[in-house]
Amino acid sequence: MARLAPHAARNLGRRLPELIADEPDRFAATTLRVGPLLACFARQRIDAPAAAALREVARERGVAEAIAALFEGEPVNRSENRPALHTALRSDLASSAVARAAHAQAREARARMAQQIDALRASEVTDIVNVGIGGSDLGARLTLEALRELDPGRFRVHFLSTVDGHAASHLLRQLDPARTAAVLVSKSFSTRETLLNAQVLREWMGADDRFHAVTANVDRARSLGIAAERILPMWDWVGGRYSLWSAVGFSVAAALGMEVFERLLAGAAQMDEHVRRAPLEANLAVRHALVAVWNRNALGYDTHAVLPYDARLARLPAYLQQLVMESLGKSATQAGAPVPCATGPVIWGGAGTDVQHSFFQSLHQGTDTVPMDFIGIARADHGSPVQHRALLANLLAQAEAFANGAPGADPQRAYPGSRPSTMILLDALTPESLGALVALYEHSVYVQATIWGINPFDQWGVELGKRLAADLDTAIDSPESAADPITRALIEALRQRARPG
Ligand SMILES: O=P(O)(O)OC[C@H]1O[C@](O)(CO)[C@@H](O)[C@@H]1O
């Protein structure tokens with residue numbers, strides 16, 4: 001990354017508007033379109049020589065070869081010695097036997113999922129509860145919220161993720177046990193939150209025949225009494241946070257229909273096709289990733305805001321928090337050495353225009369620069385053109401204000417500008433464009449990981465907390481068994497305060 005330093009110094013020494021003014025065809029040169037999605041990088045603080053240097057980094061780090069390896073099912077998840085074949089869930093682009101077999105398995109699982117959904121449709125079930133957490137929750141939630149205009153209303157879908165009993169009791173108060181089905185989504189079928197919530201639902205429903213499961217651990221699901229014909233597969237070659245495209249999308253397919261689910265997959269497949277075939281310089285995922293690497297390593301920005309200007313995408317920042325931070329929150333390389341530079345940034349954000357009235361002040365005038373991804377939708381799905389015009393005007397105004405700033409004699413009223421952003425525009429929010437958008441981020445994460453030499457498909461960092469929580473579950477009732485003195489004292493404090501009166 002050292003070679004980026006002179007480019008960084010040059011770009012940081014100039015205001016963003018000057019940089020833009022210097023390159024008359026900057027919009028065309030920095031904008032790429034893939035299907036229903038257009039991304040413009042003109043407002044990143046990167047001049048043409050810096051962009052060329054970044055492409056050189058990508059070449060040296062073997063990004064093109066790594067993309068081929070991903071699609072062909074090579075064991076790119078080295079710490080677990082597995083492929084990461086989420087692309088095979090939606091695309092048939094690979095020629096290797098392992099990728100083709102994965103694709104065939106995915107199709108077969110979708111056919112079984114369609115049958116189960118048909119049976120549910122024919123039943124008296126009115127409500128479906130998706131029980132799962134992390135990757136077994138966020139993707140389906142995001143999709144159902146984003147595509148809610150397409151919901152014919154046959155089922156109400158609910159999500160139960162946290163182990164907090166308030167969530168379960170609040171939800172169950174609204175439901176009829178005789179008309180509720182549960183989909184237990186857990187790749188491992190060992191996630192404590194999911195198993196406890198499943199138990200709560202089981203006791204409340206008093207029957208097993210409306211329990212479905214999606215898991216790679218079929219034996220465990222069977223041992224908990226779920227019939228084999230209602231268990232849909234997951235595979236160790238799909239990471240939880242990359243699994244929306246599998247039967248983990250059960251509740252999406254149930255609520256919106258298989259046809260909509262297939263369209264979501266087709267949108268992702270269109271992005272796959274582009275990423276697989278486009279040369280580095282015209283590859284949208286590579287460009288998105290190189291901008292992220294530039295902002296993190298060359299310019300030193302350590303957080304990144306995701307700002308969808310569409311209420312239906314309000315969950316996108318949360319979804320991307322898991323995708324990016326669980327994938328790129330690593331400080332050791334795949335070879336076990338310390339990573340010599342900063343890796344994934346903190347991802348945060350929220351939907352416009354609400355965020356303009358909460359944290360935007362800090363983004364405009366705060367001491368830290370936060371690079372941003374704005375996401376706008378050209379065509380709305382409501383009948384109020386006035387409101388949509390106002391939304392788009394706000395989106396454009398904010399991106400412009402961040403880039404150009406405005407001078408002021410009074411420093412308290414001056415806008416520094418030069419705050420970088422990418423503008424991603426979808427023609428409309430459709431299953432295809434959502435699929436393409438999510439796939440773009442997946443591929444960008446993979447390219448970033450390739451450049452940093454880290455594994456984006458494991459998450460060892462979350463295991464320690466899980467282990468400790470299992471131990472402390474007992475210690476809450478017998479504090480003397482807690483090894484850590486501060487934890488022991490905190491348990492005592494909790495116990496004292498938990499006593500009624
Ligand atoms: O699907 P499972 O195995 O229940 O795991 C749920 C989530 O837990 C994690 O392991 C850690 O949060 C995520 O990676 C995963 O998506």
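The name an unreviewed UniProt entry assigns to the protein is Glucose-6-phosphate isomerase, from the organism Denitratimonas tolerans. The annotation that UniProt attaches to the protein under Sequence similarities (unreviewed entry) is "Belongs to the GPI family." What UniProt states about the protein under its Catalytic activity (unreviewed entry) heading is, verbatim, "alpha-D-glucose 6-phosphate = beta-D-fructose 6-phosphate".

## Description of the overall build of the protein
A tally of helices and strands in the protein yields 19 helices and 11 strands. If you line up the protein on its principal axes, its C-alpha atoms span 70 × 55 × 55 Å. Out of the 501 residues belonging to the protein, those deemed buried represent 52%. A separation of at least 24 residues holds for 76% of the contacts in the protein among residues at least 6 apart in sequence. Carbon and sulfur atoms make up 54% of the accessible area of the protein, which totals about 21,600 Å². Of note, the protein has its 51 positive side-chain charges centred 1 Å away from the centre of its 54 negative side-chain charges.

## Quick look at the UniProt feature "active site" (unreviewed entry) in the protein
Within this numbering scheme, the UniProt entry marks Glu326, His357 and Lys466 as carrying the feature "active site" (unreviewed entry). Spatial dispersion of the annotated residues is evident: they stretch over 141 residues in sequence, and the largest pairwise C-alpha distance comes to 36.7 Å. Taking relative accessible area as the criterion, Glu326 reaches 21% and is therefore assigned partly exposed.

## Some remarks on the sheet that holds strand E10 (residues 372-379)
The strand order across the open sheet formed by 6 strands is E1-E2-E11-E10-E8-E9, and the pairing between neighbours is mixed. Two strands in the sheet have a free side with no partner beyond their single neighbour: strand E1 (31-34) and strand E9 (346-349). Each strand axis lies, on average, 20° off the axis of its neighbour in the sheet, ignoring direction. Sheet analysis places strand E8 (residues 303-308) next to E10, joined by 4 bridges and oriented parallel. Each bridged residue has a counterpart across the sheet, and for Leu307 the counterpart in E10 is Phe374.

## Some words on the packing of helix H1 (residues 5-12) against helix H4 (residues 48-60)
Between H1 and H4, the least distance of the axes is 10 Å, while the angle of their chain directions is 155°. The orientation of H1 relative to H4 falls into the category roughly antiparallel. Considering only the axes of H1 and H4, their crossing is left-handed. Residues His7, Arg10 and Asn11 of H1 form the contact with H4, whose participating residues are Pro49, Ala50 and Ala53. For the contact of H1 with H4, the per-class residue count stands at 3 nonpolar, 2 polar and 1 charged.

## Thoughts on the packing of aromatic side chains
Inspection of the entire model under this criterion finds 8 aromatic pairs. Where Tyr309 meets Phe374, the ring centres are 6.0 Å apart and the plane angle is 55°; that geometry is what we call tilted. Taken together, the residues Tyr309 in the loop between E8 and helix H14 (316-328) and Phe374 in strand E10 connect sequence positions 65 residues apart. When sorted by exposure, Tyr309 lands in the same class as Phe374, which is buried. Sitting over the face of the ring of Trp245, Arg90 holds its NZ or CZ atom 4.6 Å from the ring centroid. Lying over the aromatic face of Phe211, Arg202 brings its terminal NZ or CZ to 5.6 Å of the ring centre.

## Brief notes about the sheet that holds strand E7 (residues 231-233)
What the 5 strands build is an open sheet, ordered E4-E3-E5-E6-E7; its pairing is parallel. Each edge of the open sheet carries a strand with a single partner, namely strand E4 (156-160) and E7. Pairwise comparison of adjacent strand axes, ignoring direction, gives a mean angle of 20° for this sheet. For strand E3 (residues 127-131) and strand E5 (residues 180-185), the ladder comprises 5 bridges, and the chain directions are parallel. Within the sheet, the bridge partner assigned to Ile128 lies in E5 and is Ala181. Here helix H6 (residues 97-121) sits on the sheet in contact with E3, E5, strand E6 (211-215) and E7, set at roughly 155° to E7.

## Description of the side chain of Thr191
Note that Thr191 resides in the loop between E5 and helix H9 (192-205). Residue Thr191 is classed as buried on the basis of its relative accessible area of 17%. Within polar-contact distance, the side chain of Thr191 engages the side chain of Ser188 at 3.4 Å. Dropping the residues within four chain positions of it, Thr191 is found in contact with Ile133 and Ser186.

## Let's talk about the pattern of salt bridges
This model, assessed by the stated rule, comprises 29 salt bridges. The partner of Arg26 in a salt bridge is Glu23, with the nearest N and O atoms 3.1 Å apart. With respect to class, Arg26 is no different from Glu23; both count as buried. Ionic pairing is found between Glu432 and Arg263, a salt bridge with its closest N-O pair at 2.8 Å. Separated by 169 residues along the polypeptide, Glu432 in helix H17 (residues 431-452) and Arg263 in helix H12 (residues 258-277) bring together distant segments of the chain. Here the salt bridges share partners, and the residues they tie into one network are Arg14, Glu18 and Asp22.

## Notes on the site of the ligand
Taken together, 14 residues sit near the ligand, with Gly135, Ser136, Ser186, Ser188 and Thr191 positioned nearest. Interatomic distance of 2.6 Å between a side-chain N/O atom of Ser186 and an oxygen atom of the ligand. Here an oxygen atom of the ligand sits 2.8 Å away from a polar atom, N or O, in the main chain of Lys187. Coverage of the ligand by the protein chains reaches 87% of its 400 Å² of free accessible surface. A breakdown of the residues in the shell around the ligand according to their chemical character gives 2 nonpolar, 8 polar and 4 charged.

## Some details on the environment of Asp310
Among the structural elements, Asp310 can be located in the loop between E8 and H14. Looking at Asp310, the relative accessible area reads 7%, which means it is buried. Residues Asp310 and Ala146, spaced 164 residues apart in sequence, show a C-alpha to C-alpha distance of 8.8 Å. Setting aside chain neighbours within four positions, we find Asp310 in contact with Ala351, Gly352, Ile377 and Leu429. One polar contact links Asp310 to Arg312, side chain to side chain, over a distance of 2.7 Å.

What counts and what doesn't
Residues numbered from 1 in each chain as written. Predicted model: local features only at pLDDT ≥ 70, side-chain atom pairs only at ≥ 80, totals over all residues. Heavy atoms only, no water. UniProt positions renumbered as here; feature names shortened; annotations may be inferred. Helix = DSSP H or I, 4+ residues; strand = E, 2+ residues; numbered from the N terminus. Buried < 20%, exposed > 50% of the residue type's maximum accessible area, 1.4 Å probe, protein only. Contact = heavy atoms within 4.5 Å. Areas by Shrake-Rupley, 256 points an atom, 1.4 Å probe, with all protein chains shown as cover. Lys, Arg positive; Asp, Glu negative; His and termini not counted. Charge placed at Lys NZ, Arg CZ, Asp CG, Glu CD. Pairing = 2+ DSSP bridges. Axes fitted to C-alpha atoms, helices over the stretch in contact; angles between N-to-C directions. Parallel < 35°, antiparallel > 145°, perpendicular 65-115°, else oblique. Left-handed = near helix turned anticlockwise from the far one by under 90°. Nonpolar A, V, L, I, M, F, W, Y, C, P; charged D, E, K, R; others polar. Phe/Tyr/Trp six-rings, centres within 6.5 Å; stacked < 30°, edge-to-face > 60°. Lys NZ or Arg CZ within 6 Å of the ring centre and 35° of its normal. Polar contact = N/O pair within 3.5 Å; in protein donor to acceptor, adjacent residues only side chain to side chain. Salt bridge = Lys/Arg side-chain N within 4 Å of Asp/Glu carboxyl O. Near = heavy atom within 4 Å.

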